[in-house]
Amino acid sequence: MTSSKTALPLRTILLGTVVVLMAMGTRATFGLFIQPMGLEHGWGREIFSMAFALQNLTWGFGAIGAGMMADRLGSGRTIALCGMLYAAGLLASRFAMTPTQLYLSAGFLVGLGQAGTTFAVILPVIARTVAPSSRSTAMGIASAGGSLGQFLVVPTGQFLITNLEWTGAYWVLALFVSVSLPLSWFLRGKPVQTDGSGPQQSMLSAIKQAFRHPTFHLIFWGYFVCGFHTAFITLHLPSFVVDAGLNAGTGAVAIGLIGLFNVVGSFTAGKLGGMYSKKNLLAIIYAMRALGILWILCMPMSVWVVYVFAGWMGLFWLGTVPLTQGLIGQIYGMQFAATLSGIIFLGHQLGSFTGVWLGGRIQAITGSYDLVWWMGIALALIAAVLCLPVREKPLSVKPSAVLA
């Protein structure tokens with residue numbers, strides 16, 4: 001009996017990590033398609049920036065719906081549906097012949113697919129299967145899986161583009177994300193309140209209570225900054241490197257290094273989040289990101305400067321995820337954690353939209369990304385300050401919100 005109880009959380013953590021690995025790893029390859037697709041179709045960076053921005057925005061709004069679907073109808077159905085949408089969006093991107101078609105495929109369909117195959121749905125599934133004392137660590141492992149996917153899939157994507165051309169690469173990547181379909185069976189289920197944290201609420205009451213809580217808004221806008229950084233760097237770093245006179249391979253390796261170092265960063269953040277204040281750890285992460293961006297702006301550009309930047313940023317890349325998700329579960333409980341995570345994640349994706357779109361727009365106008373980098377430093381410092389007033393105390397359920 002004991003071994004079976006132990007096996008379920010371990011299996012859930014492992015399979016959930018695989019789904020996140022493939023979904024996040026594939027997402028990190030999109031910057032590699034800018035050069036080959038742009039040359040063939042005559043598209044500039046603004047087209048890809050808009051497609052990726054729409055993807056992030058759709059992902060953000062879709063995460064709310066995916067979270068609600070997971071809480072109401074079950075996580076398995078949600079993951080399977082979104083996995084199919086993700087694969088369909090990649091295949092449709094391969095056949096896109098106009099910017100509008102790219103916006104609908106790589107933007108809308110892929111964004112909906114990511115909503116149910118990444119953190120907002122997968123991490124609450126993992127969190128509800130483990131003891132409260134282990135939740136932060138378990139979510140850190142899954143977040144590290146997303147970074148490991150970035151390390152493994154981005155170089156693989158470059159290999160596929162080189163050997164199968166970009167058209168063939170899309171087919172293989174669609175197979176990668178399709179792994180979520182069979183795995184969704186093992187990640188099925190709906191949340192039940194078994195931790196003795198109090199009476200059950202309705203979903204609407206839980207949302208209203210969270211929105212009235214100032215901490216919810218502080219977390220939301222801190223996550224906005226996280227999205228600004230990660231999306232801008234993921235999409236534009238390869239082009240920034242090429243603009244600086246280095247080869248495209250350096251940019252691909254840098255994105256992979258971010259993922260590799262964040263395997264350590266995410267796991268460590270999750271582990272520390274179970275022992276120390278999550279809000280203080282978040283503030284440190286954002287402040288360290290500011291130092292990393294300052295490095296790449298001020299140092300003479302070289303391959304090793306880029307690699308040091310990638311390693312440093314990797315240490316503080318997705319460590320925000322287990323800490324943010326941990327705060328949501330700690331403060332608001334697990335009953336509607338996927339729904340509230342989806343709403344918070346919208347903040348992340350609004351930041352992603354802003355960073356990606358501004359990156360392409362400002363580069364097109366000024367011929368440089370420098371202004372966006374400086375904005376990234378300012379936002380990192382603002383996010384660090386926003387974390388400090390967060391109240392980590394669990395929020396009690398009001399009697400009026402209890403279900404009859």
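Caption draft 1: Expanded view of the overall build of the protein chain. Along the protein chain, the regular secondary structure elements total 16 helices and 0 strands. The C-alpha radius of gyration computed for the protein chain amounts to 20 Å, which stays within 12% of the reference 22 Å derived for 404 residues, consistent with globular compactness. Along the three orthogonal principal directions, the C-alpha set of the protein chain runs to about 60 × 40 × 40 Å. Within the protein chain, residue pairs in contact and separated by at least 24 positions form 86% of the contacts whose partners lie at least 6 positions apart. Surface accessibility of the protein chain: about 15600 Å² in total, with carbon and sulfur atoms responsible for 71%. The centroid of the 21 positive side-chain charges in the protein chain is displaced by 19 Å from the centroid of its 8 negative side-chain charges.

Caption draft 2: Summary view of the nonpolar core. Formed by 127 residues in total, the largest nonpolar core has its most connected members in Leu90, Leu102, Ile233, Leu237, Tyr286 and Trp373. Leaving out residues up to four positions away in the same chain, leucine 237 has contacts with Phe232, Ala254, Ile255, Ile258, Ile296, Phe309 and Trp373.

Caption draft 3: How the structure looks around the packing of helix α15 (residues 337-366) against helix α16 (residues 370-387). In the contact formed by α15 and α16, the axes pass within 8 Å of each other and the chain directions differ by 145°. Here Leu358, Gly359 and Ile362 of α15 come into contact with α16, specifically with Leu371, Val372 and Met375.

Caption draft 4: The side chain of serine 105, seen in detail. Relative to the assigned elements, serine 105 resides in helix α5 (residues 99-115). A polar contact is formed between the side chain of serine 105 and the backbone oxygen of leucine 102, at a distance of 3.3 Å. Filtering out sequence-adjacent residues up to four positions away, serine 105 remains in contact with Gly89, Ala92, Ser93, Ala96 and Val110.

Caption draft 5: The environment of leucine 204, seen in detail. Tracing the backbone shows leucine 204 in helix α9 (residues 203-211). Along the sequence, leucine 204 and threonine 234 sit 30 residues apart, while their C-alpha atoms lie 35 Å from each other.

Caption draft 6: Expanded view of the packing of helix α7 (residues 135-177) against helix α11 (residues 248-273). Taken N-terminus to C-terminus, the directions of α7 and α11 make an angle of 175°; their axes are 7 Å apart at the nearest point. In terms of orientation, α7 and α11 fall into the roughly antiparallel class. Of the residues assigned to the contact of α7 with α11, the class counts are 12 nonpolar, 13 polar and 1 charged.

Caption draft 7: Inspection of the packing of aromatic side chains at higher detail. Throughout the structure, instances matching the rule amount to 18 aromatic pairs. Aromatic pair phenylalanine 33 and tyrosine 170: ring centres 4.3 Å apart, planes at 20°, arrangement stacked. Here tyrosine 170 lies in helix α7 and phenylalanine 33 lies in the loop between α1 (2-27) and α2 (34-41), a separation of 137 residues in the sequence. The pair phenylalanine 33 / tyrosine 170 is uniform in exposure class, with both members buried. On the numbers, 5.8 Å between centres and 70° between planes, the contact of phenylalanine 232 with tyrosine 369 is edge-to-face. Note that phenylalanine 232 is positioned in helix α10 (residues 214-243) and tyrosine 369 in the loop between α15 and α16, a separation of 137 residues in sequence.

Caption draft 8: Region of interest: unusual backbone geometry. Here the phi dihedral of glutamate 165 falls at roughly 65°; this positive angle occurs in a residue that is not glycine. Mapping glutamate 165 onto the fold places it in helix α7.

Caption draft 9: Spotlight on a nonpolar patch on the surface. On the surface, Leu260, Phe261, Val264, Leu291, Leu294, Trp312, Leu315 and Trp374 cluster together into a nonpolar patch covering about 680 Å² of accessible area. Taken together, the elements giving at least two residues each to the nonpolar patch come down to α11, α12 (278-298) and α13 (303-315). A total of 3 residues in the nonpolar patch trace back to one element, the largest contributor, which is α11. Mapped onto the elements of the fold, leucine 260 is located in helix α11.

Caption draft 10: Seen up close, helix α4 (residues 75-94). Across its 20 residues, α4 extends 29 Å between first and last C-alpha, which sits within 8% of the 28 Å expected from 1.5 Å per residue. Along α4, the positions that sit buried rather than exposed are Ser75, Gly76, Thr78, Ile79, Ala80, Cys82, Gly83, Tyr86, Ala87, Gly89, Leu90 and Ser93.

Caption draft 11: Region of interest: the state of the cysteines. All chains considered together, the criterion is met by 0 disulfides. The thiol of cysteine 226 is not disulfide-bonded; the next cysteine sulfur, from cysteine 387, is found 10 Å away.

Caption draft 12: The arrangement of the environment of threonine 117 in detail. Along the chain, threonine 117 falls in the loop between α5 and α6 (119-127). Relative accessible area serves as the criterion here: at 1%, threonine 117 is assigned to the buried category. Along the backbone, threonine 117 and valine 177 are 60 residues apart, and their C-alpha atoms lie at a distance of 8.7 Å. Those residues in contact with threonine 117 that lie beyond four places of it in its chain are Val19, Val20, Ala23, Ile79, Cys82, Gly83, Tyr86, Ile122 and Ser180.

Caption draft 13: Inspection of the side chain of histidine 41 at higher detail. Within the fold, histidine 41 resides in helix α2. Among the residues examined, histidine 41 registers a relative accessible area of 19% and is labelled buried. If we skip the residues at most four places from it in the chain, histidine 41 touches Ala96, Met97 and Trp166.

Caption draft 14: Representation of α16 in the model. Relative to the 26 Å expected for 18 residues at 1.5 Å per residue, α16 spans 26 Å between its end C-alpha atoms, a close match to the ideal helical length. Among all positions in α16, only Val372, Trp373, Gly376, Ile377, Leu379, Ala380, Ala383, Ala384 and Cys387 are buried. At its buried positions, α16 is contacted by α10, α12, α13 and α15.

Caption draft 15: View of the confidence of the model for the protein chain. Taken residue by residue, the protein chain gives an average pLDDT of 86. The fraction at 70 or more is 93%. For the stretch residues 194-199, pLDDT sits under 50, and the model shows 5 contacts to residues farther than four places along the chain or on other chains.

Thresholds, definitions, all that
Counting restarts for each chain: residues are numbered from 1 in the order of the written sequence. Residues qualify for local features only when their pLDDT is at least 70, as the model is predicted, and side-chain atom pairs are given and counted only at 80 or more; totals for whole chains, interfaces and linings, by contrast, use all residues. Only heavy atoms go into the side-chain values, all of them from the structure, while hydrogens and water stay out. Helix numbering and strand numbering both begin at the N terminus, where a helix is a DSSP run of H or I of at least 4 residues and a strand a DSSP run of E of at least 2. Radius of gyration here is computed from C-alpha atoms only, and the compact-globule reference equals 2.2 Å multiplied by the residue count raised to the power 0.38. Contact definition: two residues touch when any of their heavy atoms are within 4.5 Å. Here, Shrake-Rupley sampling with a 1.4 Å probe gives the accessible areas, and only protein chains in the shown set may cover a residue. Within this scheme the basic residues Lys and Arg register as positive and the acidic residues Asp and Glu register as negative, but His and the chain ends are omitted. In this description, the location of a charge corresponds to atom NZ of lysine, CZ of arginine, CG of aspartate or CD of glutamate. Definition of nonpolar core: a set of buried residues of the types Ala, Val, Leu, Ile, Met, Phe, Trp, Tyr and Cys, connected through side-chain atoms within 4.5 Å. Any residue under 20% of the maximum accessible area for its type is buried, any over 50% is exposed, and the rest in between are partly exposed; the area is computed with a 1.4 Å probe on protein chains only. Angles here are taken between N-to-C directions and fall from 0 to 180 degrees, while the axes themselves are lines fitted to C-alpha atoms, restricted in helices to the stretch in contact. Any N or O atom pair separated by 3.5 Å or less is treated as a polar contact, with the protein-specific requirement of one donor-capable and one acceptor-capable atom, and with residues adjacent in sequence counted only for side-chain atom pairs. Note on angle classes: values under 35 degrees are labelled roughly parallel, values over 145 roughly antiparallel, values of 65 to 115 roughly perpendicular, and the remainder oblique. Ten residues, namely Ala, Val, Leu, Ile, Met, Phe, Trp, Tyr, Cys and Pro, are considered nonpolar, four, namely Asp, Glu, Lys and Arg, are considered charged, and the remaining ones, Gly among them, are considered polar. Two rings from Phe, Tyr or Trp (for Trp, the six-membered ring) form a pair when their centres are within 6.5 Å of each other. A pair whose planes differ by under 30 degrees is stacked, one over 60 is edge-to-face, and the rest are tilted. Surface patches are defined over residues having more than 30% relative accessible area and no salt bridge, joining like charges when they lie within 9 Å and nonpolar side chains (Val, Leu, Ile, Met, Phe, Trp, Tyr) when within 5 Å. We define a salt bridge as a side-chain nitrogen of Lys or Arg found within 4 Å of a carboxyl oxygen belonging to Asp or Glu. Expected span of a helix, by definition, is 1.5 Å for each gap between consecutive residues, and there is one gap fewer than residues. Cysteine sulfur atoms are paired as a disulfide whenever they come within 2.5 Å of each other. As a per-residue measure, pLDDT reflects the predictor's confidence and takes values from 0 up to 100.

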